[in-house]
Amino acid sequence: MPAKGKIAIVGAGLSGAVIGRELALAGYQVEIFDARSHIAGNCHTERDADTGVMVHLYGPHIFHTDDAEVWDYVNGFETFLPYKNRVKTTSQDQVYSLPVNLHTINQFFGKTFRPDEARAFIEEQADKTIEDPQTFEEQALRFVGKDLYEAFFKGYTEKQWGCSPTDLPASILKRLPVRFNYDDNYFFHKFQGMPENGYTDMIAAILDHDNISVKLETRFDRAEAAGYAHVFYSGPLDGYFNFEHGRLGYRTLDFERFTYQGDYQGCAVMNYGDASVPYTRITEHKHFSPWEDHAGSVCYREFARVCGPDDIPYYPIRLVKEKEQLAEYVARAEQEAGVTFVGRLGTYRYLDMDVTIREALDTARLYLSKTAKNAAMPAFLHPPV
Ligand code: UDP
């Protein structure tokens, strides 16, 4: 196939790799730039040299989706092995099962409820004066009531987000189900699994195409965009405009790594609901690969804090009061010809991996159909606001 125009992609994470591959397959020359020294963005995994454990360097990533095309897509590049995310939480000197399920409710309230009884009981706990929950706290008080909220969500959320749950949108809590049975699967999606050789191996396979070149430790400047048929930018939206309207709020994470001989906590993720414990969770990475056997163990204590200029941005905060600033960046992006903003950082949204891949596939397809018709590509497929 003859080469078409040159495409620049900023970021070698999931968005960049998927868009790059789709366009490479369509005959474009794709140059991918990443400021870091490795591909895969925050999904990056690496085998620890001493213990042999596959480590999620930027915190736990579990693949789950209802999207059959996305599931087939990832399985085309990597073997996914069965993995069910079963999270525990330590609160007030006890270990409970998450997401909140019948076991959690019975243990917490010292009861032996059957499903219907638990449902009725929790409905009694709920604050029914809240008709249309807007904030995280309202959502929690409406659906689980004050006691469970304070034990499992309030302290954790204050640590994770560095603000009061009254300032956060209800959508963050809507990520978590409440179950009136003993199903302790953290996700309710049809497909769930872990890449046998890690996410970086999968992304390397996606990037493995003759039309794709990857330049690591290379920043991309806006001024270079003119040299390309189009730019797909998955870096921070505010960074593209040199933070001219101020910095969008992000949370960053610090990981305190420690090793252990044997099994440290018996599960991959143990959350800590109490505000008095400074970290949000401990991840024991070897449990993400239950098909492997390692004597040693690598664990991360995870601390969240405000993201400074030199830190890696993780979670977009999206406080209500930041909406105006975000709208300014969106307006700037929409005036910028030849650039499409993609992914978690480019669109400043809290995205799961499967949604990121879905949007990347859709973005590449839209680009191909727009260029076929000589039509302009929009700045966003899914604008942040
Ligand atoms: N959350 C909480 N307690 C927990 C787990 C989660 O309060 O034990 C809240 C917290 O605000 C978190 C949100 O629910 O940011 C979404 O949780 P999820 O497990 O999806 O977070 P992620 O793994 O993406 O950090």
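Our subject is the structure listed above.
The structure contained in this document is the topic of the report that follows. (Residues numbered from 1 in each chain as written. Predicted model: local features only at pLDDT ≥ 70, side-chain atom pairs only at ≥ 80, totals over all residues. Heavy atoms only, no water.)

Let's talk about the sheet that holds strand 11 (residues 230-233)
Within a sheet, each strand pairs with its neighbour through backbone hydrogen bonds, oriented either parallel or antiparallel.
Link 1 in the chain: One open sheet accounts for 5 strands, arranged 10-2-1-11-17; its pairing is parallel. Each edge of the open sheet is held by one strand with a lone partner, namely strand 10 (212-215) and strand 17 (339-341). This sheet shows a mean twist of 20° between the axes of neighbouring strands, independent of strand direction.
Link 2 in the chain: Where strand 1 (residues 6-10) and strand 11 come together, 4 bridges link them in parallel fashion. By the bridge assignment, Ala-8 is partnered in strand 11 with Val-231. (Pairing = 2+ DSSP bridges. Helix = DSSP H or I, 4+ residues; strand = E, 2+ residues; numbered from the N terminus. Axes fitted to C-alpha atoms, helices over the stretch in contact; angles between N-to-C directions.)

What to know about empty space enclosed by the protein
Link 1 in the chain: Within this structure, the stated rule accounts for 2 cavities of 30 Å³ or more.
Link 2 in the chain: Its boundaries defined by the atoms lining it, the largest cavity holds a volume of some 70 Å³.
Link 3 in the chain: Contributing to the lining of the largest cavity are 13 residues, with Phe-341, Val-342, Gly-343, Glu-359 and Thr-363 lying nearest its centre.
Link 4 in the chain: Of all the secondary-structure elements, those providing two or more residues to the lining of the largest cavity are strand 17 and helix 11 (353-372).
Link 5 in the chain: The element contributing the most residues to the lining of the largest cavity is helix 11, with 4 residues. (1 Å grid on protein atoms, 1.4 Å probe; cavity = no way out; pocket = protein on both sides within 12 Å on 5 of 7 lines; lining within 4 Å. Points joined across faces, edges and corners; volume = space filled by probe spheres on them.)

Thoughts on the sheet that holds strand 6 (residues 80-82)
Link 1 in the chain: Pairing is antiparallel across the open sheet formed by 3 strands, whose spatial order is 5-9-6. The sheet is open, and its two borders are formed by strand 5 (63-65) and strand 6, each paired with just one other strand. Strand-to-strand, the axes of this sheet are offset by a mean angle of 45°, without reference to chain direction.
Link 2 in the chain: When strand 6 meets strand 9 (residues 191-195), the two strands line up antiparallel, connected through 3 bridges. Its bridge partner lying in strand 9, Pro-82 is registered against Gly-193.

Some points on the packing of aromatic side chains
The description of an aromatic ring pair uses the distance of the two centres, along with the angle that the planes make with each other.
Link 1 in the chain: Per the stated rule, a full pass over the model turns up 36 aromatic pairs.
Link 2 in the chain: Between Tyr-233 and Phe-341 the ring centres are 5.7 Å apart and the planes differ by 70°, which places this aromatic pair in the edge-to-face class. Of this pair, Tyr-233 sits in strand 11 while Phe-341 sits in strand 17, and the two are 108 residues apart along the sequence. For the pair Tyr-233 and Phe-341, a shared accessibility class is recorded, and that class is buried.
Link 3 in the chain: One aromatic cluster is present, formed by Tyr-96, Phe-108, Phe-109, Phe-113, Phe-121 and Phe-152 through successive ring pairs.
Link 4 in the chain: Geometry around Phe-243 places Arg-247 over its ring, the cationic atom sitting 3.6 Å from the centre.
Link 5 in the chain: Positioned above the aromatic ring of Tyr-279 is the side chain of Arg-301, whose terminal nitrogen or guanidinium carbon lies 5.8 Å from the ring centre. (Phe/Tyr/Trp six-rings, centres within 6.5 Å; stacked < 30°, edge-to-face > 60°. Buried < 20%, exposed > 50% of the residue type's maximum accessible area, 1.4 Å probe, protein only. Lys NZ or Arg CZ within 6 Å of the ring centre and 35° of its normal.)

A short note on the site of the ligand
Link 1 in the chain: Residues in contact with the ligand amount to 16 residues; listed here are only the nearest, Thr-157, Arg-175, Tyr-186, Tyr-315 and Tyr-350.
Link 2 in the chain: Within the side chain of Asn-271, a nitrogen or oxygen atom sits 2.8 Å from an oxygen atom of the ligand.
Link 3 in the chain: Note that an oxygen atom of the ligand is positioned 3.0 Å from one of the side-chain N or O atoms of Arg-281.
Link 4 in the chain: Protein contact buries 93% of the 520 Å² of open area that the ligand shows by itself.
Link 5 in the chain: With 6 residues, the single largest contributor to the shell around the ligand is helix 6 (residues 145-161).
Link 6 in the chain: Of the residues in the shell around the ligand, the class split is 11 nonpolar, 3 polar and 2 charged. (Near = heavy atom within 4 Å. Polar contact = N/O pair within 3.5 Å; in protein donor to acceptor, adjacent residues only side chain to side chain. Areas by Shrake-Rupley, 256 points an atom, 1.4 Å probe, with all protein chains shown as cover. Nonpolar A, V, L, I, M, F, W, Y, C, P; charged D, E, K, R; others polar.)

Some points on the pairing of strand 7 (residues 88-91)
Link 1 in the chain: Bridge count for strand 7 against strand 8 (residues 94-97) is 4 bridges, and the pairing is antiparallel. Across the sheet, the residue bridging to Thr-89 is Tyr-96, located in strand 8.
Link 2 in the chain: A loop of 2 residues connects strand 7 with strand 8, the two strands running antiparallel in sequence, and Gln-92 in this loop sits at a positive phi of about 45°.
Link 3 in the chain: Pairing of strand 7 with strand 13 (residues 269-272) involves 3 bridges; the strand directions are parallel. If you follow Thr-90 over to strand 13, its bridge partner there is Tyr-272.

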